[in-house]
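# Coordinate inspection notes
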Amino acid sequence: MKVYFIGAGPGDPELLTLKAQRIIGQCPVCLYAGSLVPPEVVAGAPEGALVRDTAAMTLDETHAEILAARERGEDVARVHSGDPSLYGAIAEQIRRLRADGIDYEIVPGVPAYAAAAAALGQELTIPEIAQSIVLTRMSMQSTSMPEGESLENFARTGATLAIHLAVRNMREIERVLTPHYGPDCPVVVAYRVGWPDQMLIRGRLDDIRLKVRAEKITRTALILVGPALGETRDFRDSALYDPAKPHVLRPVVGVNLVEDHNT
């Protein structure tokens, strides 16, 4: 048997990959994180499949379900939100699978920051404005941040920040980032991206906290910060399609061949 860690994307069932759909549709056991993955994502499980919401289960309990599936010789679809490589809590599950000699495979999914950018209708990497994205989170009581991975250190780069699991720390985000980005830096709080009640709150570092409070958002939100999120149109075109910039697939650019009739 095999355990498949499946990235379900941010919530929209249509953002499942074809591979994810196929595997969910053939696994006799489907364990999904119901607090972040809507039931519609696992609705394609085969008839008679064991489908369990693991939101209220412990690691021991979910692993017990996998061990029981092994005894029956049944594959398991372990469905997580977004892409499981990012805050998917699969590392500790993989450690147990390896210890028990259970085969596994990871099926990537659409990460929340990509779905948020799509919902905003914009690119996050804009020439000469922003070319880097930092995926990070805030330190919590349950899990602290490694030394050196502070929000202030990332802010010094000026890169676009995608801050996870931090919507309850808006005041601290404003305090730390304002000296580096300025009070008028664009901010977007993307709430439940891909769900029917999706909400995109635009603001600036100096007013986004009050806007989020007004909407009573306390969880399931991604915070994007950086000048690339603004509505400026004053940036140069990418060199990718520039006729004056040759590359391996367009090696000869703008060459005018003129026949010399005197030779």
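Up top you'll find the structure we're talking about.
Residues numbered from 1 in each chain as written. Predicted model: local features only at pLDDT ≥ 70, side-chain atom pairs only at ≥ 80, totals over all residues. Heavy atoms only, no water.

A few words on the overall build of the protein chain. Scanning the protein chain from terminus to terminus reveals seven helices and ten strands. For the protein chain, the residues scored as buried account for 39% of the 263 residues in total. Pairs at least 24 residues apart make up 66% of the contacts formed inside the protein chain by residues separated by at least 6 positions. Surface accessibility of the protein chain: about 14800 Å² in total, with carbon and sulfur atoms responsible for 51%. (Helix = DSSP H or I, 4+ residues; strand = E, 2+ residues; numbered from the N terminus. Buried < 20%, exposed > 50% of the residue type's maximum accessible area, 1.4 Å probe, protein only. Contact = heavy atoms within 4.5 Å. Areas by Shrake-Rupley, 256 points an atom, 1.4 Å probe, with all protein chains shown as cover.)

Looking now at the side chain of His 63. Inspection of the secondary structure assignment puts His 63 in helix 2 (residues 59–72). The buried category is assigned to His 63, whose relative accessible area is 8%. Only 2.6 Å separates the side chain of His 63 from the side chain of Asp 100, close enough to count as a polar contact. Setting aside residues up to four positions removed in sequence, His 63 forms contacts with Arg 96, Leu 97 and Asp 100. (Polar contact = N/O pair within 3.5 Å; in protein donor to acceptor, adjacent residues only side chain to side chain.)

The full count for this structure, using the stated rule, is zero disulfides. Cys 27 takes part in no disulfide bond, and the closest cysteine sulfur to it belongs to Cys 30, at a distance of 7.6 Å. (Disulfide = S-S within 2.5 Å.)

Right, let's talk about the sheet that holds strand 3 (residues 50–53) for a bit. Taken together, the five strands give an open sheet; going across it, the order is 3-2-4-1-5, and neighbouring strands pair in parallel fashion. Of all strands in the sheet, those bounded by a partner on one side alone are strand 3 and strand 5 (103–107). The average angle at which neighbouring strand axes cross in this sheet is 15°, direction not considered. Relative to strand 3, strand 2 (residues 29–32) runs parallel, the two being bridged by four bridges. Across the sheet, residue Leu 31 finds its bridge partner in strand 3, namely Arg 52. Docked against the sheet, helix 2 engages strand 1 (2–7), strand 2, strand 3 and strand 4 (76–80), running at close to 170° with respect to strand 2. (Pairing = 2+ DSSP bridges. Axes fitted to C-alpha atoms, helices over the stretch in contact; angles between N-to-C directions.)

Non-glycine residue Arg 192 carries a positive phi angle of around 50°. With respect to the secondary-structure elements, Arg 192 resides in the loop between strand 8 (186–191) and strand 9 (199–204). In this structure, Lys 216 takes a positive phi of about 60° despite not being glycine. Its location among the elements puts Lys 216 in the loop between helix 7 (208–214) and strand 10 (221–225). Classification of Lys 216 as exposed rests on a relative accessible area of 72%.

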